[in-house]
Amino acid sequence: MDVSQRYRDAWEGYWRETSDAPGEAIWDSDASLSAVPHSALLLPYADVSLPVVDLGCGSGTQTRYLATLFARAIGVDLSLAAVEHARRADTAGAATYEQLNLVDAGAVEALGERLGDTNVYMRAVIHQSEPQDRASVAGAVARLLGARGRAFVVELRSASKAVFQQAVEAGTPAKLQRVFDHGLRPAGAADEEVPELLRAAGLKILDTGDTALPQTEHLPDGTRIDLPARWFVLARE
């Protein structure tokens, strides 16, 4: 199974046209606003002697922070251009980065065989995946965890659509416009779809709660765009 060519091209094009400047992607918030608080929720459940894989790592901002907590950090992304961004940004070599299609069960299996049980960090990947691919993405999380790994997954809630609409009505910020220009569709999954997909993949919800995902764009009045989201700490059943 594979993602559609349209979807692959959309992400490759987006990352090719994104500069290396920190925060250039609208979701590329500083780790202090994302991986730091998220890790605080995950760590009580996780064995830090295991590796951590950042699924959909983008430019690697969160991966580099995760590398300070876990024995090893690996960032993976569908887009080769994103992986190249991450490698350039990681001047200290804190983590490693590779291209991975989460819908390709064989490729996910190969990574799992290579790493063994691993922790997983996934921020806002299911919601922008195409509907037919979302179950495979959830399944990739389950496969990588094995028996001992734990996952932190955070996904946008449907209320994010109203925030996007507010931003558009106020004059679409440039970083958000680039997302739309490349045909990317944020906040595509319904609220109950995400936990249902996780459970169907054989994942047990150990903890969950509501949060917001801070963006790197602001409304004209200076208000930062924060997107309503829900987080999950997960283990294999």
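On a predicted model such as this, the values are computed, not experimentally measured, just so you know. (Residues numbered from 1 in each chain as written. Predicted model: local features only at pLDDT ≥ 70, side-chain atom pairs only at ≥ 80, totals over all residues. Heavy atoms only, no water.)

### Quick look at the overall build of the protein
Reasoning step 1: Broken down by element type, the protein carries nine helices and seven strands.
Reasoning step 2: Computed over C-alpha atoms, the radius of gyration of the protein comes to 16 Å, within 12% of the 18 Å expected from 2.2 N^0.38 for 237 residues, which places it in the range of a compact globule.
Reasoning step 3: Projected onto its principal axes, the C-alpha coordinates of the protein cover approximately 50 × 40 × 35 Å.
Reasoning step 4: Within the protein, buried positions represent 52% of all 237 residues. (Helix = DSSP H or I, 4+ residues; strand = E, 2+ residues; numbered from the N terminus. Rg over C-alpha atoms; globule rule 2.2 N^0.38 Å. Buried < 20%, exposed > 50% of the residue type's maximum accessible area, 1.4 Å probe, protein only.)

### Let's talk about the packing of helix 5 (residues 105–115) against helix 6 (residues 134–145)
Reasoning step 1: Where helix 5 meets helix 6, the axes come as close as 9 Å, and the angle between the chain directions of the two elements is 20°. Looking at the two axes, helix 5 sits roughly parallel to helix 6. In this structure, helix 5 crosses over helix 6, and the sense of that crossing is right-handed. Every residue of helix 6 that contacts helix 5 at Val108, Glu109, Leu111, Gly112 and Glu113 is listed here: Ala140, Arg143 and Leu144.
Reasoning step 2: For the contact of helix 5 with helix 6, the residue count by class is four nonpolar, one polar and three charged. (Axes fitted to C-alpha atoms, helices over the stretch in contact; angles between N-to-C directions. Parallel < 35°, antiparallel > 145°, perpendicular 65-115°, else oblique. Left-handed = near helix turned anticlockwise from the far one by under 90°. Contact = heavy atoms within 4.5 Å. Nonpolar A, V, L, I, M, F, W, Y, C, P; charged D, E, K, R; others polar.)

### Some words on the pairing of strand 4 (residues 119–123)
Reasoning step 1: With respect to burial, strand 4 is a largely interior element, five of its five residues being buried.
Reasoning step 2: On strand 4, burial covers both faces: Asn119, Tyr121 and Arg123 on one face and Val120 and Met122 on the other are all buried.
Reasoning step 3: Sheet topology note: the strand 1 (residues 52–55)/strand 4 ladder contains four bridges and is parallel. Each residue of the ladder has a partner; that of Asp54, found in strand 4, is Tyr121.
Reasoning step 4: One ladder, built from four bridges, connects strand 4 with strand 5 (residues 151–156); its direction is parallel. Note on strand 5: the bridge partner recorded for Tyr121 is Phe152. (Pairing = 2+ DSSP bridges.)

### So, the nonpolar core
Burial of nonpolar side chains together is a common tendency in soluble globular proteins.
Reasoning step 1: Core analysis: the largest hydrophobic core is formed by 43 residues, its most contacted members being Tyr14, Trp15 and Phe152.
Reasoning step 2: Mapped by element, the contributors of at least two residues to this core are helix 1 (5–16), helix 2 (35–42), helix 4 (80–89), strand 5, helix 7 (160–169), helix 8 (174–181) and strand 7 (224–236).
Reasoning step 3: Excluding residues within four positions of it along the chain, Trp15 makes contact with Ala25, Trp27, Gly58, Ser59, Ser79, Ala81, Ala82 and His85.
Reasoning step 4: Counting 29 residues, the second largest nonpolar core, distinct from the first, contains Val137, Val141, Val153 and Leu198. (Core = buried A, V, L, I, M, F, W, Y, C linked by side-chain atoms within 4.5 Å.)

### Some points on the sheet that holds strand 3 (residues 96–99)
Reasoning step 1: The strand order across the open sheet formed by seven strands is 3-2-1-4-5-7-6, and the pairing between neighbours is mixed. Each edge of the open sheet is held by one strand with a lone partner, namely strand 3 and strand 6 (203–218). This sheet shows a mean twist of 20° between the axes of neighbouring strands, independent of strand direction.

### Some details on the pattern of salt bridges
Reasoning step 1: Tallied over the entire structure, the rule returns 10 salt bridges.
Reasoning step 2: Put simply, Glu130 and Arg6 hold a salt bridge, and the shortest N to O gap is 3.3 Å. In this pair, Glu130 is assigned in the loop between strand 4 and helix 6 and Arg6 in helix 1, connecting sequence segments 124 residues apart.
Reasoning step 3: Overall, the relative accessible area of 35% leaves Arg6 in the partly exposed class. (Salt bridge = Lys/Arg side-chain N within 4 Å of Asp/Glu carboxyl O.)

### Focus on the pairing of strand 1
Working note: regular strand, side chains alternate between the two faces of the sheet.
Reasoning step 1: Residues of strand 1 alternate between two faces, with Val52 and Asp54 on one and Val53 and Leu55 on the opposite face, all of them buried.
Reasoning step 2: Handedness of the β-α-β unit built from strand 1, helix 3 (residues 61–66) and strand 2 (residues 73–77) comes out right-handed. (Right-handed = clockwise from strand over helix to strand, strands pointing away.)

### Quick look at unusual backbone geometry
Reasoning step 1: Its identity is not glycine, yet Ala124 carries a phi of approximately 60°, on the positive side.
Reasoning step 2: With respect to the element layout, Ala124 can be found in the loop between strand 4 and helix 6.
Reasoning step 3: Ala124 gets classed as buried once you look at its relative accessible area, which sits at 17%.

### Some thoughts on the environment of Ile26
Reasoning step 1: Residue position: Ile26 is located in the loop between helix 1 and helix 2.
Reasoning step 2: Taking the C-alpha atoms as reference points, Ile26 and Pro173, 147 residues apart in sequence, are found 9.5 Å from one another.
Reasoning step 3: Here Ile26 is in contact with Tyr14, Lys175, Leu176, Val179, Gln215, Thr216 and Glu217, once residues within four sequence places are set aside.

### Looking at the packing of aromatic side chains
Reasoning step 1: Under the defined criterion, the tally for this structure stands at eight aromatic pairs.
Reasoning step 2: For the ring pair Tyr7 and Trp11, a centre distance of 6.5 Å and an interplane angle of 70° mean the geometry is edge-to-face. Here Trp11 and Tyr7 lie together in helix 1, a separation of four residues that amounts to about one turn.
Reasoning step 3: Look at Tyr121 and Phe152: their rings are 6.1 Å apart centre to centre, the planes differ by 15°, and that puts the pair in the stacked class. With a gap of 31 residues between them, Tyr121 in strand 4 and Phe152 in strand 5 connect regions that are remote in the sequence.
Reasoning step 4: For Tyr121, a relative accessible area of 1% gives the class buried. (Phe/Tyr/Trp six-rings, centres within 6.5 Å; stacked < 30°, edge-to-face > 60°.)

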